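A look at the structure
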Amino acid sequence: MNHDLVFRILLLACYIPSQLIRQYILRKNPHAKTVKSVNQRRELLMYRIGVGLFVLPIFYGLTNWLDFASFTLPFWLRWTGFGISLLAAVVLLLSHQALGANWTGQLNIQENHVLVVRGIYTYVCHPMYLSFLLSGIGTLLLSANWFIGASLLIWFWIMYLGRINHEEQVMISEFGEQYETYMRSTGRLLPKIL
Ligand SMILES: C[S@@+](CC[C@H](N)C(=O)[O-])C[C@H]1O[C@@H](n2cnc3c(N)ncnc32)[C@H](O)[C@@H]1O
């Protein structure tokens, strides 16, 4: 079989099942009424861009529209990209599993919002954003397509610079000392070693 076709199928295999499982988890945990919403218009725009970007790997897998941005990479790097993309999917699903009904795609506080400090949140405060970073790196290597890779990485970077600080402030204003203690005991994107 043509190697390029194999990598296209592998990329679809990382995205489609994880998005379907994600939808299943979201349906099982419908989120409650929003009681506090921050920067609603900007957040909605970022959320929509994020959802749009995750369609790119599907286009890559099923069409040749993005082939203008393909470049050559050794096979071992493309297989490494597959491993990183799989890890990204697992981290995303573990984050949804732990956050449950407290998840929203925007910066919100829900009715009966609880601070989640279990599961993958025991180790990192922002595993979902970590999964976006892994997905950007993994997709870049696996697809060997700079357009998809750069789009996902730029988006991660915008989220990182534009949202994390703000989100932490919102969490501190909502959960106070509890969130500050939690932040000190975990890493932002990677587990704290010491
Ligand atoms: C897109 S989710 C991202 C969550 C987290 N930053 C991450 O990367 O896994 C954003 C929403 O999750 C909520 N949130 C973030 N951390 C949380 C936690 N530890 N427990 C409960 N809700 C949290 C915030 O209220 C925000 O509306």
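- Where an unreviewed UniProt entry is consulted, the protein appears under the name Isoprenylcysteine carboxylmethyltransferase family protein, with the organism given as Spirosoma endbachense.
- Under the UniProt heading Subcellular location (unreviewed entry), the note attached to the protein is "Membrane".

So, the packing of aromatic side chains
- Overall, the coordinates contain 17 aromatic pairs when judged by the stated rule.
- An angle of 50 degrees between the planes, with centres 6.0 Å apart, marks the rings of Tyr 15 and Phe 54 as tilted. With a gap of 39 residues between them, Tyr 15 in helix H1 (residues 3-28) and Phe 54 in the loop between helix H2 (40-53) and helix H3 (56-62) connect regions that are remote in the sequence.
- The interplanar angle of 15 degrees and the centroid separation of 5.7 Å between the aromatic rings of Trp 157 and Tyr 160 together place this pair among those described as stacked. A residue pair is termed a helical-turn pair when its members lie 3 or 4 positions apart in one helix, as Trp 157 and Tyr 160 do in helix H6 (residues 146-175) at three residues.
- A residue is classified by how much of its surface remains accessible, and Trp 157, at 47% relative accessible area, is partly exposed.
- Taken together, Tyr 15, Phe 54, Tyr 129, Phe 132 and Trp 155 form an aromatic cluster joined through their ring pairs.
- In this structure, Arg 8 is placed above the aromatic ring of Tyr 60, and the distance from its NZ or CZ to the ring centre is 4.7 Å.

Considering helix H5 (residues 127-143)
- Between its first and last C-alpha, H5 extends 23 Å over 17 residues, near the 24 Å set by a 1.5 Å rise per residue.
- Among the 17 residues in H5, 14 count as buried, and that is most of the element.
- Count one or two residues on from H5 and you reach Ala 144, which has phi positive near 50 degrees.

Overview of the site of the ligand
- With respect to spatial proximity, 19 residues lie near the ligand, and among them Asn 108, Val 116, Tyr 121, His 126 and Glu 167 are the closest.
- Glu 167 is positioned with one of its side-chain polar atoms (N or O) 2.5 Å from a nitrogen atom of the ligand.
- For the ligand, whose free accessible area comes to 560 Å², the fraction covered by protein is 99%.
- When its residues are assigned to classes, the shell around the ligand shows twelve nonpolar, five polar and two charged.

Details of the packing of H1 against helix H4 (residues 75-99)
- In the contact formed by H1 and H4, the axes pass within 9 Å of each other and the chain directions differ by 5 degrees. With respect to their mutual orientation, H1 and H4 come out roughly parallel. For the pair H1 and H4, contact is made by His 3, Asp 4, Phe 7, Leu 10, Cys 14, Ser 18, Gln 19, Ile 21, Arg 22, Ile 25 and Leu 26 and by Phe 75, Arg 78, Trp 79, Phe 82, Ser 85, Leu 86, Ala 89, Leu 92, Leu 93, His 96 and Gln 97, respectively.
- Looking at side-chain class alone, the contact of H1 with H4 contains 13 nonpolar, six polar and three charged residues.

Some thoughts on a nonpolar patch on the surface
- Nonpolar side chains collect at one region of the surface, where Leu 44, Tyr 47 and Val 51 lie side by side and expose about 230 Å² of accessible area between them.
- Within the secondary structure, Val 51 sits in helix H2.

Side note on the side chain of Arg 22
- Along the chain, Arg 22 falls in helix H1.
- With no salt bridge to any partner, buried Arg 22 finds its closest opposite charge in Glu 167, at an N-O distance of 12 Å.

About the criteria used
- Residues numbered from 1 in each chain as written.
- Predicted model: local features only at pLDDT ≥ 70, side-chain atom pairs only at ≥ 80, totals over all residues.
- Heavy atoms only, no water.
- UniProt positions renumbered as here; feature names shortened; annotations may be inferred.
- Phe/Tyr/Trp six-rings, centres within 6.5 Å; stacked < 30°, edge-to-face > 60°.
- Helix = DSSP H or I, 4+ residues; strand = E, 2+ residues; numbered from the N terminus.
- Buried < 20%, exposed > 50% of the residue type's maximum accessible area, 1.4 Å probe, protein only.
- Lys NZ or Arg CZ within 6 Å of the ring centre and 35° of its normal.
- Expected span 1.5 Å × (residues − 1).
- Near = heavy atom within 4 Å.
- Polar contact = N/O pair within 3.5 Å; in protein donor to acceptor, adjacent residues only side chain to side chain.
- Areas by Shrake-Rupley, 256 points an atom, 1.4 Å probe, with all protein chains shown as cover.
- Nonpolar A, V, L, I, M, F, W, Y, C, P; charged D, E, K, R; others polar.
- Axes fitted to C-alpha atoms, helices over the stretch in contact; angles between N-to-C directions.
- Parallel < 35°, antiparallel > 145°, perpendicular 65-115°, else oblique.
- Contact = heavy atoms within 4.5 Å.
- Patch = residues over 30% accessible without salt bridge, like charges linked within 9 Å, V, L, I, M, F, W, Y side chains within 5 Å.
- Salt bridge = Lys/Arg side-chain N within 4 Å of Asp/Glu carboxyl O.
- Lys, Arg positive; Asp, Glu negative; His and termini not counted.

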